[in-house]
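Observations on the model geometry
Each chain is listed here by its residues.
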Amino acid sequence: MRLGSGAFAACCVAIEVVGVAIFIRGFFPAPVRSSARPEHGVETPAPEPVAGASSNWTKLPSPLFSKVVIVLIDALRDDFVFGSKGVKYMPYTTYLVEKGASHSFVAEAKPPTVTMPRIKALMTGSIPGFVDVIRNLNSPVLLEDNVIRQAKAAGKRMIFYGDETWLKLFPKHFVEYDGTTSFFVSDYIEVDNNVTRHLDKVLKRGDWDVLILHYLGLDHIGHISGPNSPLIGHKLSEMDSILMKIHTSLLSKERETLLPSLLVLCGDHGMSETGSHGASSTEEVSTPLILISSAFERKPGDIRHPKHVQQTDLAATLAIGLGLPIPKDSVGSLLFPVIEGKPMREQLRFLHLNTLQLSKLLQENVPSYEKDPGFEQFKMAERLHGNWVKLHLEENHSDVLLGLGTKVLRQYLGALKTLSLSLSTQVAHYDIYSMAVGTVVVLEVLTLFLLSTPHVLCRKDELDVPLLSPVSSLLFYLLFLVLSAVHVLVCTSSESSCYLCSLPWLAAGGVMVLVAALLCAILSALIRMVVDSTLLKKSASHPSSGWSEVDLLLLLGTVGHVLSLGASSFVEEEHQTWYFLVNTLCLALSQETCRSYFLGDDCEPQHRFHVEQECVDILACTRKDSTSYSTPEPDRKGKGVSLSETKGSSKWWAVLASPWLVLICCRLLRSLNQTGVQGAHRPDFSHWLTSSDHKAQLSGLAALSLVVIFMLVQKGCSLVSKAALALGLLGVFCYRAATGIVLFPWQPDNKSISKGIIEARFVYVFVLGILFTGTKGLLKAQVIATDFKTRTIGLWEIHSGLVLLAALLLRPHNLPVLAFSLLIQTIMTEFIWKHLRHDAAKITVMHYWFGQAFFYFQGNSNNIATIDISAGFVGLDTYMEIPATFLTVFGTYVGPVLWASHLVHFLSSETNNGSALSRACFCYALIGSVPVAAYIVLVTSLRYHLFIWSVFSPKLLYEGMHLLITAALCAVFTATNQTRHTRA
Amino acid sequence: MKDTDIKRLLYTNLLCIFSIVLSIFIPTIFLDNFSILETHLTWLCICSAFVTAVNLVLYLVVKPNVSSRRSSLSHKVTRALKCCIYFLLSCFFLHIIFVLYGAPLIELVLETFLFAVILSTFTTVPCLCLLGPNLKAWLRVFSRNGVTSIWENSLQITTISSFIGAWLGAFPIPLDWERPWQVWPISCTLGATFGYVAGLVSSPLWIYWNRKQLTYKSS
Ligand SMILES: [Zn+2]
Ligand SMILES: [Zn+2]
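Computed from a predicted model, the values in this text were never measured in an experiment.

1. Here's the deal with the overall build of chain B
- A count of helical and extended segments in chain B gives seven helices and zero strands.
- Going from N to C terminus, chain B has its helices and strands arranged as α-α-α-α-α-α-α.
- In terms of overall dimensions, chain B is globule-like: its C-alpha atoms have a radius of gyration of 18 Å, near the 17 Å expected for 219 residues.
- For chain B, the spread of C-alpha atoms along the three principal axes comes to 50 × 40 × 40 Å.
- Buried residues in chain B amount to 46% of all 219 residues.
- Of the contacts made within chain B by residues no fewer than 6 positions apart, 71% connect residues no fewer than 24 positions apart.
- A distance of 26 Å separates the average location of the 16 positive side-chain charges in chain B from that of its 9 negative side-chain charges.

What follows is the structure, encoded as structure tokens:
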């Protein structure tokens, strides 16, 4: 079977996506889980250990608190309460912390410091896997055992107000609730008023057991203006007064009941110095945790340095406090100060329950649990505890009892600490088998790519894929059998669960077929290469023209970038790599233009032949493309032509100046968004623009950018699309004005802020319209086989439709990025690529580099926290998973997508021959898949690196996503090319 | 081309390296607490002065391209002035390139400029010495197959290796090793220096090994 190199590349990338998906599934470890499912009904609680006779205390201990109020303030950092800000803005809380009946801690959140995994950690006590970050957007129901579920089972009445994530995690758990959405980050007043307005009524009623309040305002302020904004102070004061209200009301109610109540103030995660969260800096993981209850003793001296505990400790404490079984997956240890005031027997009982639960979890997750020091300590403590109970039951109230009790207590606390620690570290457990299979698939695809590269680039753009030759099919069956045997062997022998083994047999078999088929393909490619090379030697030894500087740079830059991914700093600061490479590329291009212009050393006398036929430019291109790879000389001549042509005209200076213009554009863009880790805190132009004082400047810049975008895009469009584009861009501005980010000059300031749904949908209509017109043009060009201009216009219209969508999704301060991107595309097309006549492969690599640089110019980084989720809610009034995901992904990958669409248009407009596009597709697929393949190997070898979670794992997700997009783009490339093939 | 020419080239290049070594050690005698890293700017100035001086002296002594043209005093003066202007222009040009590469625009101007100065000392000064303020000749030397003597060949190699050294020197800046030499622009200046030295060492050797293939057009 013959396959175009474009289609071949698209297939390969698609297979690579499968490989990467398997790898990622194996790489992100399954969290520590108890095998006992909560559906199996209520288990009998463990009785008190006793030596000899049985204990008379087998039921669960009764609750310590009658009512529990949890006030969760999103993104509450520890220094907002315990630091100077707390003293200034939260006087009541400070009073409670220093002199009141309270216990305060600094609770350490585990990364990812994103809301949903943190809520899960607080309520289940377990450490959610990294994969939960991806699921943060569509919050599935929490299936693990948790405090809320236990409380519901115990018949507690719970009320919830706040972030609706809770309602998705715990549907039908609350008797009364009101969820607020956290998607309109610009609103920080309504979200909190929506919670507080219920408070008076609920506190008065008192017919509930648990009240949970989740305030989002602080987090939104952080996202808008950072932790040093004056708005933070106001918000903290507001929270302080709410806390005071709840506390006084609880105290007044307490007199009616026998048991005291508990008020918990906590944060889900902190806030970095830029106001975001998601990573693992100290500011992001440190949250305050304050337990307030009249059951605690008042402490006189002020405690300015609260103890550090884990966020997961709260679940166990709450369970004990409410008289519930501790969640099975909890790895936390009970906060001992809470039960310190109880009689010794109760204290020991609580500790025993907690330690028993942890040791059970350890038994289920660690094969060699008996050797764990925590487990040994637990066994020891349990034995001593039995003795103590025996003495206690014998009514022995001597000092011996007290002494023994303290000893048991200490033993339990030690065991708790050790067990909790060893369970927390258990999370890093990789599914090596799936990872290996994924890696094999990816590497096979890469090998196949590399083996066919010389063939595609130097000979023809079609590849023979031997499907049914008897030798290869025999080999295939053999390989398949061997692999299946290995699969069965691995799955039956390993005791740990792995993803591939849990797949149905058909799917696992499919993966094996893939691996075997790829191996066969590689072998045939190898054979073909050997044949090719012998043929090449026989036929002619045309002198290989030396590498030009640009060639060398493109190759070394790609290799260097791939190698740099092994260092965590280079991953964090990847934007620097791309800026550096793009700058160097511009300088190399500048050198090339200078040399060609001043020296013309590449000119050959033959070039006149081309000059005379200047009218058939397209023809020349066709000729160039069909021959340039086998014989590079004509290409070089072409280079000389164009420049000597321009030498006479006034355009020559534009050619010389254009690399420098591009350089200046890149420098301006670089100072727009500071990204990465080292630079993220530095002041940049976008912060200046987004601060509320500079709204007018932002509006001006956004309007200017939109005008520039229109000017640059309209030239290639048909009249209808031009009008649609103009209206669409106007709609973009209206949308931003409606959401209150930019100003209309003629509009009063006090206009109410809306979500801008109508405006955004208005723009969507035009986007779809333009895309539709473009596609229609493409199809028409295919069917009617008119001139090739229709086709070019169609492609340009698709490009401009994407530009319009990008303009809608990008934040206003990022609109200049879009404008500059179009500007650079225009400059490069007009003055560089058309004149220097680079071949398709080089142009593809340059487009790829610019696409990568623009990914970072836009403010993205390899950190999850910089993803702009708000793009997913443009024009939607409720959260809809599929459109929101699509829009967010498009909004994030605007740079690469737009440059790729420009590449398609450019290559189709320059040459009327499909092979250039086909080769470009191959190159794009190759250059996109090399970093992923290398990164997978790197990340496997670095899996015990200190920064594996904070740096390398997010990058792996980004790489996986990027590969998916590359696959989609290659499919589009091939589809576009196919239309031409059928026509020709 | 005789072996004596190559030997002369080797000696002059060794002298240039020696001048860099001197610029590291001589100031320690006169200045207290002088070190390359801590008083980097001072070292940059001294190094650039030393290298310039040695290049000038060598040019006057060795006279690699014997120009038999008239050389009146006024001609010499204008030539020297032109050289100075070219040198300054190249400093500014390099400064602009560094800013385009992402060097801070307002802060650390002096550091960036001194980096530009030292890099043009390694590249522009030898060019000026050898070729004079003659842009055509520069372009010729730096184009393919344009060199006409071993001196120009050596010039080509050292200049390119200085640039590559400075380019590679930027790589460690993002790394989180927290070393004093990672501060802008120290790693780049050191990279440029190493590149220059490497070029000086390797160019005579390269020419020696390729002396059979090298055929210079008689100028
Ligand atoms: Zn949060
Ligand atoms: Zn947030």
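2. Description of a nonpolar patch on the surface
- Together, Trp547(A), Leu552(A), Leu555(A), Leu556(A), Val559(A) and Leu563(A) line one region of the surface with nonpolar side chains, adding up to about 640 Å² of accessible area.
- Of note, Val559(A) is situated in helix 21 (residues 549-564).

3. Thoughts on the sheet that holds strand 7 (residues 262-267) of chain A
All names here are of chain A.
- Across the sheet, which stays open at both edges, the eight strands sit in the order 5-4-6-2-7-8-3-9 with mixed pairing between neighbours. Each having just a single partner strand, strand 5 (176-180) and strand 9 (307-310) make up the two edges of the open sheet. Strand-to-strand twist in this sheet, taken as the mean axis angle between neighbours without regard to direction, amounts to 15°.
- Bridge count between strand 4 (residues 158-163) and strand 6 (residues 210-215): five bridges; the pairing is parallel. Note that in strand 6 the partner of Met158 across the bridge is Val210.

4. With respect to empty space enclosed by the protein
Residues and elements named next belong to chain B.
- Summed over the entire model, instances satisfying the criterion amount to 11 cavities of 30 Å³ or more.
- Its volume calculated, the largest cavity comes out at about 260 Å³.
- Lining the largest cavity we find 18 residues, and of these Asn13, Asn55, Pro126, Leu130 and Trp151 sit closest to its centre.
- At the level of secondary structure, the elements contributing two or more residues to the lining of the largest cavity comprise helix 1 (3-30), helix 2 (40-62), helix 4 (109-131), helix 6 (150-169) and helix 7 (186-209).
- For the lining of the largest cavity, the residue count by class is 13 nonpolar, five polar and no charged.

5. Details of the nonpolar core
- Counting residues in hydrophobic clusters, the biggest one holds 150 residues, and the most contacted among them are Trp849(A) and Phe850(A).
- Membership of the second largest hydrophobic core comes to 75 residues, among which are Trp166(A), Leu167(A), Leu358(A) and Val408(A).

6. Focus on the UniProt feature "transmembrane region" (unreviewed entry) in chain B
Residue and element names in this part refer to chain B.
- The UniProt record annotates "transmembrane region" (unreviewed entry) at residues 9-29, 41-62, 83-106, 112-132, 153-171 and 183-209.
- Annotated as 100% helix and 0% strand, the span residues 9-29 places its first and last C-alpha atoms 31 Å apart.
- For the annotated span residues 112-132, helix accounts for 95% and strand for 0% of the residues, and the straight-line distance between the end C-alpha atoms is 26 Å.

7. Here we look at the coordination of the zinc ion (ligand 2)
Residue and element names in this part refer to chain A.
- Asp219 (OD), Asp219 (OD), His223 (NE2) and His277 (NE2) make up the full set of protein donors to the zinc ion (ligand 2), lying at 1.9 to 2.4 Å.
- Given four donor atoms and angles of 57 to 146° at the metal, the environment of the zinc ion (ligand 2) is assigned as irregular.
- One chain supplies every donor to the zinc ion (ligand 2), and in sequence these donors are spaced D-x3-H-x53-H.
- The two metals, the zinc ion (ligand 2) and the zinc ion (ligand 1), are separated by 4.6 Å. Taken together, the residues His223 in helix 10 (residues 217-225) and His277 in the loop between strand 7 and helix 12 (282-285) connect sequence positions 54 residues apart.

8. Description of the packing of helix 2 of chain B against helix 7 of chain B
All names here are of chain B.
- It is the contact of helix 2 with helix 7, at a shortest axis distance of 12 Å, that shows an interaxial angle of 25°. Between helix 2 and helix 7, the angle falls in the class roughly parallel. Relative to helix 7, the crossing made by helix 2 is left-handed. Each of His40, Trp43, Leu44, Val51 and Asn55 in helix 2 lies in contact with helix 7, whose residues at this interface are Ile186, Thr189, Leu190, Thr193 and Tyr196.
- A per-class count over the contact of helix 2 with helix 7 returns six nonpolar, four polar and no charged.

9. Describing the packing of aromatic side chains
- Under the defined criterion, the tally for this structure stands at 39 aromatic pairs over all chains.
- Ring centres of Tyr579(A) and Phe857(A) lie 4.6 Å apart, and the angle between their planes is 15°; on these two criteria the pair is classed as stacked. Separated by 278 residues along the polypeptide, Tyr579(A) in helix 23 (residues 574-599) and Phe857(A) in helix 34 (residues 840-857) bring together distant segments of the chain. Comparing Tyr579(A) with Phe857(A) shows no difference in burial state: the two are buried.
- Counting every residue linked through ring pairs, the aromatic cluster contains Trp578(A), Tyr848(A), Trp849(A), Tyr924(A) and Phe973(A).
- It is Lys67(A) that lies over the ring of Trp208(A); its NZ or CZ is 5.1 Å from the centre.
- Taking NZ or CZ as reference, Arg211(B) lies 4.2 Å from the ring centre of Tyr208(B), over its face.

10. As for the coordination of the zinc ion (ligand 1)
- Distances from the zinc ion (ligand 1) to its protein donors, Asp74(A) (OD), Asp74(A) (OD), Thr115(A) (OG1), Asp268(A) (OD) and His269(A) (NE2), fall within 1.9 to 2.6 Å.
- Binding-site remark: the zinc ion (ligand 1) is held by donors from one chain whose sequence spacing is D-x40-T-x152-D-H.

11. Some thoughts on unusual backbone geometry
All names here are of chain B.
- Residue Pro185 is bonded to the preceding Trp184 through a cis peptide linkage, with omega at -5°.
- Position of Pro185 among the secondary structure elements: in the loop between helix 6 and helix 7.
- In this model, Asn33 sits at a positive phi of 35°, which is unusual for a non-glycine residue.
- One can find Asn33 in the loop between helix 1 and helix 2.
- For Asn33, a relative accessible area of 65% corresponds to the exposed category.
- The phi dihedral of Leu108 falls on the positive side, at around 55°, and the residue is not glycine.
- Positionally, Leu108 belongs in the loop between helix 3 (73-100) and helix 4.
- Residue Leu108 is classed as partly exposed on the basis of its relative accessible area of 36%.

Procedures and definitions
Residues numbered from 1 in each chain as written. Chains lettered and ligands numbered in written order. Predicted model: local features only at pLDDT ≥ 70, side-chain atom pairs only at ≥ 80, totals over all residues. Heavy atoms only, no water. Helix = DSSP H or I, 4+ residues; strand = E, 2+ residues; numbered from the N terminus. Rg over C-alpha atoms; globule rule 2.2 N^0.38 Å. Buried < 20%, exposed > 50% of the residue type's maximum accessible area, 1.4 Å probe, protein only. Contact = heavy atoms within 4.5 Å. Lys, Arg positive; Asp, Glu negative; His and termini not counted. Charge placed at Lys NZ, Arg CZ, Asp CG, Glu CD. Patch = residues over 30% accessible without salt bridge, like charges linked within 9 Å, V, L, I, M, F, W, Y side chains within 5 Å. Areas by Shrake-Rupley, 256 points an atom, 1.4 Å probe, with all protein chains shown as cover. Salt bridge = Lys/Arg side-chain N within 4 Å of Asp/Glu carboxyl O. Pairing = 2+ DSSP bridges. Axes fitted to C-alpha atoms, helices over the stretch in contact; angles between N-to-C directions. 1 Å grid on protein atoms, 1.4 Å probe; cavity = no way out; pocket = protein on both sides within 12 Å on 5 of 7 lines; lining within 4 Å. Points joined across faces, edges and corners; volume = space filled by probe spheres on them. Nonpolar A, V, L, I, M, F, W, Y, C, P; charged D, E, K, R; others polar. Core = buried A, V, L, I, M, F, W, Y, C linked by side-chain atoms within 4.5 Å. UniProt positions renumbered as here; feature names shortened; annotations may be inferred. Donors = N, O, S within 2.8 Å, 3.2 Å for Na, K, Ca; no water. Tetrahedral: all angles 85-135°; square planar, octahedral: opposite > 155°, others 65-115°. Parallel < 35°, antiparallel > 145°, perpendicular 65-115°, else oblique. Left-handed = near helix turned anticlockwise from the far one by under 90°. Phe/Tyr/Trp six-rings, centres within 6.5 Å; stacked < 30°, edge-to-face > 60°. Lys NZ or Arg CZ within 6 Å of the ring centre and 35° of its normal.

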